[in-house]
Amino acid sequence: MSNVHLIDHPLILHKLTRIRDRETGPKDFRALMDEVSLLMAYEVTRDMPLEEVEVETPICRTKAYTISGKKVGIVPILRAGLGMVNGILRLIPTAKVGHIGVYRDPETLQPVEYYCKLPGDVQERELIVIDPMLATGGSAAAAISFLKERGCTAIKLMCLLAAPEGIQRVQETHPDVGIFTAAVDERLNSHGYIIPGLGDAGDRLFGTK
Ligand code: PRP
Ligand code: URA
């Protein structure tokens, strides 16, 4: 699992427990997902290149660093990926946001694309595809394929929970894409839900069930 990065910082795991808890309602669920997304983004961006610059402090002139290289794009998979956008934007406020609408057909579990709006310069950006749940991996793999068809080459995937099945699917389809997750759960149930998981992320975020 060389391209899987487990971001298991104590603060993240503590908040993740509250996210998993069935008693946590949409208001707290949203706030917690927002906080965890910010904390995870810190690790996901750890390999950002730096360039040396000079800065004049009140005392003297010195060498310092700024981030260089590609600009960042965040691509939430609708709907549940929306819950992770603001946390990342608080760390990287200049990132542009593209949206890909994919839902999972409840019978076949196959991803169905229904919406796409990306920044005009998406090919030139370092993209972070976000979705809290990596279950069968169908939705994430389809969204990444969609981006590659549009010429995108630098892509990472960030989720809260991943099932081994989803990790395998993304690794097989997109071996170049790093997967960042706060936990790898046990397995999927017969309906394609992550066990133990957190239930339906979109419904819990938006209170639709
Ligand atoms: C959920 C989740 C992922 C997908 C994961 O979305 O947010 O996008 O399922 O499952 P997969 O890895 O098996 O594809 P869902 O289809 O429920 O749509 P929603 O976010 O609009 O509720
Ligand atoms: N989508 C969800 O929202 N939850 C799961 O456990 C699997 C897919």
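The structure this text deals with has already been given above.
The structure presented is a predicted model; accordingly, all values stated were derived computationally and were not measured. Numbering of residues starts from 1 in every chain and runs along the sequence as written. Chains carry letters and ligands carry numbers; both start at the beginning, A for chains and 1 for ligands, and go up in the order they are written. Residues qualify for local features only when their pLDDT is at least 70, as the model is predicted, and side-chain atom pairs are given and counted only at 80 or more; totals for whole chains, interfaces and linings, by contrast, use all residues. Excluding hydrogens and water, the side-chain figures rest on all heavy atoms present in the structure.

A.B. asks: Got a minute to help me understand the pattern of salt bridges in this structure?
C.D. replies: Side chains carrying opposite charge are able to pair once their charged atoms draw close together. For this analysis, a salt bridge means a side-chain nitrogen from Lys or Arg found within 4 Å of a carboxyl oxygen belonging to Asp or Glu. Considering all chains together, one arrives at 14 salt bridges under this definition. Ionic pairing is found between R46 and E43, a salt bridge with its closest N-O pair at 3.0 Å. For the exposure calls, accessible area comes from a 1.4 Å probe over protein chains only, and a residue counts as buried if that area is under 20% of its type's maximum, exposed if over 50%, partly exposed in between. Taking relative accessible area as the criterion, R46 reaches 58% and is therefore assigned exposed. Assessed through its relative accessible area of 26%, E43 is described here as partly exposed. Residue E126 pairs with K156 through a salt bridge whose shortest N-O separation is 3.6 Å. Note that E126 is positioned in strand β8 (residues 126-130) and K156 in strand β10 (residues 155-162), a separation of 30 residues in sequence. Connected through salt bridges with shared partners, the residues D47, E126 and K156 form a single ionic network. Secondary structure elements follow DSSP: runs of H or I no shorter than four residues count as helices, runs of E no shorter than two count as strands, and numbering proceeds from the N terminus.

A.B. asks: Honestly, the site of ligand 2 in this entry has me stumped. Any pointers?
C.D. replies: The cutoff for a nearby residue is simple: one of its non-hydrogen atoms must lie within 4 Å of the molecule or strand. As a matter of local geometry, ligand 2 sits amid R104, M133, A135, G192, Y193, I194, G199, D200 and A201. By the criterion applied in these results, polar contacts are pairs of N or O atoms within 3.5 Å in which, for protein atoms, one can donate a hydrogen and the other can accept it, and in which residues neighboring in sequence qualify only through two side-chain atoms. Here an oxygen atom of ligand 2 sits 2.8 Å away from a polar atom, N or O, in the main chain of A201. Using a 1.4 Å probe, the Shrake-Rupley method yields the accessible areas, and only the shown protein chains count as cover for residues. Relative to its free-state accessible area of 230 Å², ligand 2 is covered by the protein chains to the extent of 88%. Basically, the charged four are Asp, Glu, Lys and Arg, the nonpolar ten are Ala, Val, Leu, Ile, Met, Phe, Trp, Tyr, Cys and Pro, and anything else, Gly included, counts as polar. Of the residues assigned to the shell around ligand 2, the class counts are five nonpolar, two polar and two charged.

A.B. asks: Any chance you could explain the site of ligand 1 here in plain terms?
C.D. replies: Neighbouring ligand 1 are 14 residues, the closest being R79, R104, D131, T136 and S139. A distance of 2.8 Å separates an oxygen atom of ligand 1 from a polar side-chain atom of R79. At a separation of 2.5 Å, an oxygen atom of ligand 1 approaches a polar side-chain atom of S139. Across the complex, the protein chains shield 90% of the 500 Å² of accessible surface that ligand 1 would expose by itself. Its residues assigned to classes, the shell around ligand 1 shows six nonpolar, five polar and three charged.

A.B. asks: I keep staring at the nonpolar core and nothing clicks. Help me out?
C.D. replies: What tends to happen in soluble globular proteins is that the nonpolar side chains get buried as a cluster. Grouping buried Ala, Val, Leu, Ile, Met, Phe, Trp, Tyr and Cys residues that are joined through side-chain atoms within 4.5 Å yields what is termed a nonpolar core. Core analysis: the largest hydrophobic core is formed by 35 residues, its most contacted members being M40, I130, M158, L160 and L161. Elements represented by at least two residues in this core include exactly α1 (10-20), α2 (26-44), β4 (72-78), α3 (85-91), β8, β10, β11 (178-184) and α6 (201-206). Take this core: its biggest share by element is seven residues, from α2. Apart from residues no more than four positions distant in its own chain, I130 is found in contact with I74, V75, P76, I77, G81, M84, V85, I88 and M158. With 24 residues, the next largest nonpolar core counts V129, I144, I155 and V170 among its residues. Residues are treated as being in contact if the distance between any of their heavy atoms lies within 4.5 Å.

A.B. asks: Would you mind showing me how to read the pairing of β4 here?
C.D. replies: Within a regular strand, side chains alternate between the sheet's two faces. Of all seven residues that make up β4, seven are buried, and the element is covered over most of its length. Where burial is concerned, the two faces of β4 agree: the one with V72, I74, P76 and L78 and the one with G73, V75 and I77 are both buried. For two strands to be treated as a pair, DSSP must find at least two bridges joining them. In this structure, β4 lies alongside β8, joined through five bridges in parallel fashion. Paired with V72 across the bridge in β8 is E126. A clockwise course of the path from the first strand over the helix to the second, judged with the strands pointing away from the viewer, identifies a crossover as right-handed. Between the parallel elements β4 and strand β5 (residues 96-97), the chain passes through α3 in a crossover that is right-handed.

A.B. asks: Looking at this model, I keep getting lost on the pairing of strand β2 (residues 50-56). Mind explaining?
C.D. replies: Here β2 pairs with strand β3 (residues 61-67) via seven bridges, running antiparallel. Bridging across to β3, V53 finds its partner in A64. Where β2 folds back onto β3 in an antiparallel hairpin, the turn is made up of four residues.

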